[in-house]
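Chain by chain, the residues run as shown.
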Protein chains: 2
Amino acid sequence: MAQKPSIPKGTRDFTPDETVKRNYIFDTITDVFRLYGYMPIETPAMENLNTLLGKYGEEGDKLLFRILNSGDFLSNTDAQTLSNRDLNQISRQICEKGLRYDLTVPFARFVVQHQNELTFPFKRYQIQPVWRADRPQKGRYREFFQCDVDVIGSDSLLNEVELLQIIDEVFRRLNINVVIKLNNRKVLAAIAEIIGESDKIVDITIAIDKIEKIGLQKVNEELKERGLDNNAIEKLQPIFTISGNNEDKLNQLTEIFKNSSIGTKGIEELSTIISVVNDLEMNTKVELDLTLARGLSYYTGAIFEVKAIDTEIGSITGGGRYDDLTGIFGLNQMSGVGISFGADRIFDVMTALNIFPEKVNSTTDFLFVNFGKNEALHCLKLAKILRNRGLKTEVYPDSDKIKKQMSYADKKNIPFVAIVGEEEMKNNIVTIKNMKTGEQISVVTEDFRLLERIVVSSEWCVVGSE
Amino acid sequence: MAQKPSIPKGTRDFTPDETVKRNYIFDTITDVFRLYGYMPIETPAMENLNTLLGKYGEEGDKLLFRILNSGDFLSNTDAQTLSNRDLNQISRQICEKGLRYDLTVPFARFVVQHQNELTFPFKRYQIQPVWRADRPQKGRYREFFQCDVDVIGSDSLLNEVELLQIIDEVFRRLNINVVIKLNNRKVLAAIAEIIGESDKIVDITIAIDKIEKIGLQKVNEELKERGLDNNAIEKLQPIFTISGNNEDKLNQLTEIFKNSSIGTKGIEELSTIISVVNDLEMNTKVELDLTLARGLSYYTGAIFEVKAIDTEIGSITGGGRYDDLTGIFGLNQMSGVGISFGADRIFDVMTALNIFPEKVNSTTDFLFVNFGKNEALHCLKLAKILRNRGLKTEVYPDSDKIKKQMSYADKKNIPFVAIVGEEEMKNNIVTIKNMKTGEQISVVTEDFRLLERIVVSSEWCVVGSE
């Protein structure tokens, strides 16, 4: 018996309807990236495990998909190792490659490897799938697309501003209301410093990240569990409860950090970004948010996150400044900043809000019904002319029952069906049926301009009355 | 010390220049597919090994990239199996998933799995990478893109004609001179039948495929080695040496196959396709070629291959009719036909012939030089207006030395640089430098229409004389 087909859990097929909608998102994002001078690159799906391991923390290493070596994959593994079943050691010996986990580490690797071919500041975007062996759940997949845009080789804050402008423009075009949350890793470092727990910064940022989710009290409890003493937690409270608009918050923070050089630097950076953004009159609100921490450890300056206002779906875009991402591959002092658009989340938001523009679904403009060999050949010639005029045209391949052919047009949402039977051929006309209204009219075959007007401008009424 | 970065052998990074050129090829192909009513689908990079194994022959199974199971990957493997080092058995136990090897088998799996959501005849295209653990060599990679277009659920020969039209149109648009080789698997089956060696058809097609490469004599020797007797080889000779134009060849074959029903059917199919194609007056020559066999075993009717005339690079597109591809997944009587454009080969041909249109390389239109904080803010506002008018615009992020900024524009092939220093701000003008000619002119800041004309239409002379 034939096997029942299925796909690996956490992965997805995309039907035509889904694919054109996804492409609409990718195309919109790409257009904006290009408008700001960013150029595309692509990297291989497989990277050497050397490149990937140790870059995403211990948890990340576990989530890497590893590729079994070709040929005798056990050749490097001795009997002792096998019988010990040391999974870590064995997997390193039988797998040299893994699927990329994000686009950031491959980008850093790319920049270092191609540094002599690139022009710095290097502005690139990259839209490719990534793979993570995460437990699949709603909105989280094992294969998903990232749309990354980064500029590397410049520490100017204008790059941060530009990325905020790009976010603003992308979501304006996609018609999604969003708010941009902004913070700075230097501010977070200053917080850790002030409470005398510089080495606890990772714990603190992870905890701060949860304030919105689990509340202040639970975060305090968690910080205690993570080894902060009561005194330190006490000192954190005024920072957690800072309030007002961006300017108010910046003023309060300036006071709190007046003796911290890193804190003062962080506040300066935030102030500059916010002031330039205000000057540029963006549509999107930028909100200073101290609870924003972002998990990744390589961020050193500004960090951003974008949330859709009208849905419960969380972050749909995020990123930040990293001062030494390429250092791991031997290229130092290459500061960069970048953001990643979560195409899958954006797709979910647009689906939930039902805001895909109608044109996205545009299918075939014109279907010629097939009445048999001679008629079909005649229609193929007409179809050729219509296609040369840019109209998406099909000739139904089989001379099936008309009902079946009409049902095909219907299911495929084809707006106009052309009927050319023996009678029409003889009289040199084409009968056109409007699939929405059911109306039919006949036009002279050679009048392609008229056909075009009907299809492109849906000038049905005009035509009907002519 | 930091590790020296590299990528797995047989894989490639694509720089901005290469990526935009590749995208040009993908976009051109996509536009033509859409013009004929084909819609896109996407499938996951990883398929269950059940889906892939046994579909590409024994050799193909070896070339599959397998993904190590997550977690305790040895949990299904006992000590005995491990110490036996039975690679086949172990790899089946430690890997459940593999990377897709082509787009055809995933397409068949997709059609069966989603049969109730699809409208038949189902016309789909799919442009995604595939992976093969082949020995890397010139023009052959371990990761490469396929651009497949198929129609399934119709056995009309008009589908074959349509695919030939698509080939014709794609290569006309890409400006590549090609010839389409056409044959039919039924004709090949008839050949095997006539010489009384029906079970040897695979051997014969593989041998025929080599006539052009190694010559008739060597092929005869090879057929002998493969177990054909002299009598059979003798009978093959008139078929191997058939000559003339398509019509001549068809006439000779009709005579040869007059007692073979499958041969007669094959000739009928070929005649129909060739006659309709002639009627449609395609640019591309379609050549009946009995030496065309194509390796894949699932073809049952027409087979095609496209060769670029002006280079030595082999086949750049190929495909054929398959009557039962979905049968392996439990859906019978679903005849289909499809072709696959080899994007990497097409890229190589276009690079060798240097025929990428200039517009493909279009980069940023306009770079504002950065003279410092105030000037940059002023330029950011001007840049915003230009971007709103669709011009790709950058503001250099740092107030580096002008020489460095000009060199950036130069290396990035940016045609126009806008200079707005203190003086220009005061006088409300923008000085524009044409990077090709070195000429400079000043225009009033608000005259964005003029800026636009300069950039879009390169109306430099007109402007200069105004």
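Refer to the preceding data block for the structure.
About the cut-offs
- Residues numbered from 1 in each chain as written.
- Chains lettered and ligands numbered in written order.
- Predicted model: local features only at pLDDT ≥ 70, side-chain atom pairs only at ≥ 80, totals over all residues.
- Heavy atoms only, no water.
- Helix = DSSP H or I, 4+ residues; strand = E, 2+ residues; numbered from the N terminus.
- Rg over C-alpha atoms; globule rule 2.2 N^0.38 Å.
- Buried < 20%, exposed > 50% of the residue type's maximum accessible area, 1.4 Å probe, protein only.
- Contact = heavy atoms within 4.5 Å.
- Areas by Shrake-Rupley, 256 points an atom, 1.4 Å probe, with all protein chains shown as cover.
- Lys, Arg positive; Asp, Glu negative; His and termini not counted.
- Charge placed at Lys NZ, Arg CZ, Asp CG, Glu CD.
- Buried area = accessible area lost by both parts, 1.4 Å probe.
- Salt bridge = Lys/Arg side-chain N within 4 Å of Asp/Glu carboxyl O.
- Polar contact = N/O pair within 3.5 Å; in protein donor to acceptor, adjacent residues only side chain to side chain.
- Nonpolar A, V, L, I, M, F, W, Y, C, P; charged D, E, K, R; others polar.
- Arc of directions from axis to C-beta.
- Pairing = 2+ DSSP bridges.
- Axes fitted to C-alpha atoms, helices over the stretch in contact; angles between N-to-C directions.
- Least-squares fit on C-alpha atoms with pLDDT ≥ 70 in both.
- Phe/Tyr/Trp six-rings, centres within 6.5 Å; stacked < 30°, edge-to-face > 60°.
- Left-handed = near helix turned anticlockwise from the far one by under 90°.
- Core = buried A, V, L, I, M, F, W, Y, C linked by side-chain atoms within 4.5 Å.
- Patch = residues over 30% accessible without salt bridge, like charges linked within 9 Å, V, L, I, M, F, W, Y side chains within 5 Å.

Chemist: Help me understand the overall build of chain A in this model?
Modeler: A count of helical and extended segments in chain A gives 20 helices and 16 strands. Relative to its length of 466 residues, chain A is extended, with a C-alpha radius of gyration of 29 Å against a globular reference of 23 Å. Taking the principal axes of its C-alpha atoms as reference, chain A extends roughly 95 × 65 × 45 Å. Classification of the 466 residues of chain A by burial places 60% in the buried group. A sequence separation of at least 24 residues applies to 67% of the contacts in chain A between residues at least 6 apart. Carbon and sulfur atoms make up 46% of the accessible area of chain A, which amounts to about 20,000 Å² in all. Of the charged side chains in chain A, 58 are positive and 68 negative; the average position of the first set lies 5 Å away from that of the second.

Chemist: Mind showing me how you'd approach the interface of chain B and chain A here?
Modeler: One frequent convention defines the size of an interface as the accessible area lost when the parts assemble. Between chain B and chain A, the residue contacts involve 105 residues of the former and 104 residues of the latter. Together chain B and chain A conceal approximately 9,100 Å² of surface at their shared face, both sides included; 61% is due to carbon and sulfur atoms. Ranking the residues of chain B by area buried against chain A places L35, E42 and R387 of chain B at the top, with a combined share of 7%. Viewed at the interface, chain A and chain B are joined by 8 salt bridges. Two residues, D13 of chain A and R109 of chain B, come together in a salt bridge whose shortest N-O distance is 2.5 Å. Along the contact surface separating chain B from chain A lie 32 residue pairs in polar contact (both at pLDDT 80 or more). Here the side of chain B that touches chain A is built from residues that sort into 47 nonpolar, 30 polar and 28 charged.

Chemist: Honestly, helix 5 (residues 87-94) of chain A in this entry has me stumped. Any pointers?
Modeler: In an α-helix, one full turn covers 3.6 residues, which means residues spaced three or four apart are oriented alike. All names here are of chain A. Turning to helix 5, its buried residues are I90, S91, Q93 and I94. Along the axis of helix 5, the buried positions cluster into a sector of 160 degrees, meaning they face one direction only. Measuring from the backbone nitrogen of N88 back to the side-chain oxygen at the start of helix 5 gives 3.2 Å, which picks out D86 as the cap.

Chemist: Looking at this model, I keep getting lost on unusual backbone geometry. Mind explaining?
Modeler: In terms of backbone geometry, most residues other than glycine have negative phi values and most peptide bonds are trans. All names here are of chain A. For the bond running from F120 to P121, omega is -5 degrees, close enough to zero to count as cis. With respect to the element layout, P121 can be found in the loop between helix 6 (104-113) and strand 5 (122-131). Here R85, not a glycine, exhibits a phi torsion of approximately 55 degrees, which is positive. In this fold, R85 is placed in the loop between helix 4 (79-84) and helix 5. Of the residues examined, R85 reaches a relative accessible area of 33% and is grouped as partly exposed.

Chemist: Explanation requested: the sheet that holds strand 12 (residues 366-368) of chain A in the structure shown.
Modeler: Each strand in a sheet pairs with its neighbour through backbone hydrogen bonds, running either in the same direction (parallel) or in the opposite one (antiparallel). Residues and elements named next belong to chain A. Read across the sheet, 5 strands follow the order 13-12-14-15-16 without closing on themselves; strand pairing throughout is mixed. Each of the sheet's edge strands pairs with one partner strand only, and the pair in question is strand 13 (393-395) and strand 16 (440-444). Pairs of neighbouring strands in the sheet enclose a mean axial angle of 25 degrees, with direction left out of account. Relative to strand 13, strand 12 runs parallel, the two being bridged by 3 bridges. Bridging across to strand 13, L367 finds its partner in E394.

Chemist: I tried to follow the relation of the copies chain B and chain A on my own but got confused; where do I start?
Modeler: Copies of the same chain, two in number, are related to each other by a rotation about an axis and a translation along it. With an RMSD of 0.1 Å, the operation that places chain B on chain A is a rotation of 180 degrees combined with a shift of 0.0 Å along the axis. Within this description, the copies of the chain are treated as partners about a two-fold rotation axis. Considering only C-alpha atoms, the part of chain B nearest the rotation axis is I67 of chain B, at 2.3 Å.

Chemist: Can you walk me through the sheet that holds strand 12 (residues 366-368) of chain B in this structure?
Modeler: All names here are of chain B. Pairing in this open sheet of 5 strands is mixed, and the strands run 13-12-14-15-16 from one edge to the other. The open sheet terminates on both sides in strands that have one partner only, identified here as strand 13 (393-395) and strand 16 (440-444). Across the sheet, the mean angle separating the axes of adjacent strands is 25 degrees when strand polarity is ignored. As defined by bridge partners, strand 14 (residues 416-419) adjoins strand 15 (residues 429-434) across 4 bridges and the pair is classed as antiparallel. Bridge assignment links V417 to a residue of strand 15, and that residue is K433. The strands that helix 16 (residues 373-388) touches are strand 12, strand 13 and strand 15; relative to strand 13, the one it contacts most, it runs at about 170 degrees.

Chemist: Could you clarify how one ought to interpret the packing of aromatic side chains in this entry?
Modeler: When we look at a pair of aromatic rings, we describe it by the centre distance and by the angle of the planes. All names here are of chain A. All chains considered together, the criterion is met by 26 aromatic pairs over all chains. Between F33 and Y125 the ring centres are 5.3 Å apart and the planes differ by 45 degrees, which places this aromatic pair in the tilted class. Taken together, the residues span a long stretch of sequence, with F33 in helix 1 (residues 16-35) and Y125 in strand 5 at a distance of 92 residues. Accessibility classification places F33 together with Y125 in one group, the buried group. Between Y396 and Y408, the aromatic rings sit 5.2 Å apart at their centres with planes inclined by 80 degrees, giving edge-to-face as the arrangement. Note that Y396 is positioned in the loop between strand 13 and helix 17 (402-411) and Y408 in helix 17, a separation of 12 residues in sequence. Neither residue differs from the other here; Y396 and Y408 are each classed as buried. Among the aromatic side chains, those forming a connected cluster through ring pairs are F33, Y125, F171 and F341.

Chemist: Whenever I open this one, the packing of helix 11 (residues 216-225) of chain A against helix 12 (residues 230-240) of chain A confuses me. Can you help?
Modeler: Think of two packed helices as two axes; the pair is described by the angle between the axes and how far apart they sit. All names here are of chain A. With their axes 10 Å apart at the nearest point, helix 11 and helix 12 run at an angle of 150 degrees to one another. In this structure, helix 11 meets helix 12 at a crossing whose hand is right-handed. In this structure, helix 11 contributes L216, V219, N220, L223 and K224 to the contact, and helix 12 contributes N230, I233, L236, Q237 and F240. Here the contact of helix 11 with helix 12 is composed, by residue class, of 6 nonpolar, 3 polar and 1 charged.

Chemist: Got a minute to help me understand the nonpolar core in this structure?
Modeler: A general trend in soluble globular proteins is that nonpolar side chains are found buried together. Membership of the largest hydrophobic core comes to 270 residues, with the highest contact counts inside it found for F341 of chain A together with F171 and F341 of chain B. F65, L99 and A133 of chain A together with A133 of chain B belong to the second largest nonpolar core, which has 14 residues in total.

Chemist: What's the story with the environment of T364 of chain A in this structure? I'm lost.
Modeler: Residue position: T364 of chain A is located in the loop between helix 15 (343-353) and strand 12. Counting along the chain gives 50 residues from T364 of chain A to I414 of chain A, while the straight-line C-alpha distance between them is 5.6 Å. In contact with T364 of chain A, other than residues within four places in its own chain, are K392, T393, E394, K412, I414 and P415 of chain A together with G37 of chain B. In terms of polar contacts, T364 of chain A uses its side chain to reach the side chain of E394 of chain A, at 2.6 Å.

Chemist: For this particular structure, what's the right way to read the pattern of salt bridges?
Modeler: Pairs can form between side chains of opposite charge whenever their charged atoms are close. Applying the stated criterion to the full structure yields 46 salt bridges over all chains. A salt bridge links E160 of chain A to R321 of chain A, with the nearest nitrogen and oxygen atoms 2.8 Å apart. In this pair, E160 of chain A is assigned in helix 7 (residues 158-174) and R321 of chain A in strand 10 (residues 315-322), connecting sequence segments 161 residues apart. We classify E160 of chain A as buried; its relative accessible area is 1%. For R321 of chain A, a relative accessible area of 4% gives the class buried. Here E169 of chain B makes a salt bridge to R173 of chain B, at a shortest N to O gap of 2.8 Å.

Chemist: What is the right way to look at the pairing of strand 8 (residues 285-288) of chain A in this model?
Modeler: Residues and elements named next belong to chain A. The alternating pattern of strand 8 places V286 and L288 on a buried face, while none of K285 and E287, on the opposite face, is buried. In terms of strand pairing, strand 7 (residues 178-184) meets strand 8 through 4 bridges, oriented parallel. Opposite V179, over in strand 8, you have K285 as the bridge partner.

Chemist: What should I look at first to understand the side chain of N434 of chain B in this one?
Modeler: Residues and elements named next belong to chain B. Summarising the element assignment, N434 is placed in strand 15. A residue is classified by how much of its surface remains accessible, and N434, at 9% relative accessible area, is buried. A polar atom in the side chain of N434 sits 2.9 Å from the backbone nitrogen of K436. Within the structure, the side chain of N434 is placed 3.3 Å from the backbone nitrogen of T437, a separation counted as a polar contact.

Chemist: Mind showing me how you'd approach a negative patch on the surface here?
Modeler: On the surface, D27 and D31 of chain A together with D27 and D31 of chain B cluster together into a patch of negative charge. Secondary structure elements with two or more residues in the negative patch: helix 1 of chain A together with helix 1 (16-35) of chain B. In this fold, D31 of chain B is placed in helix 1.

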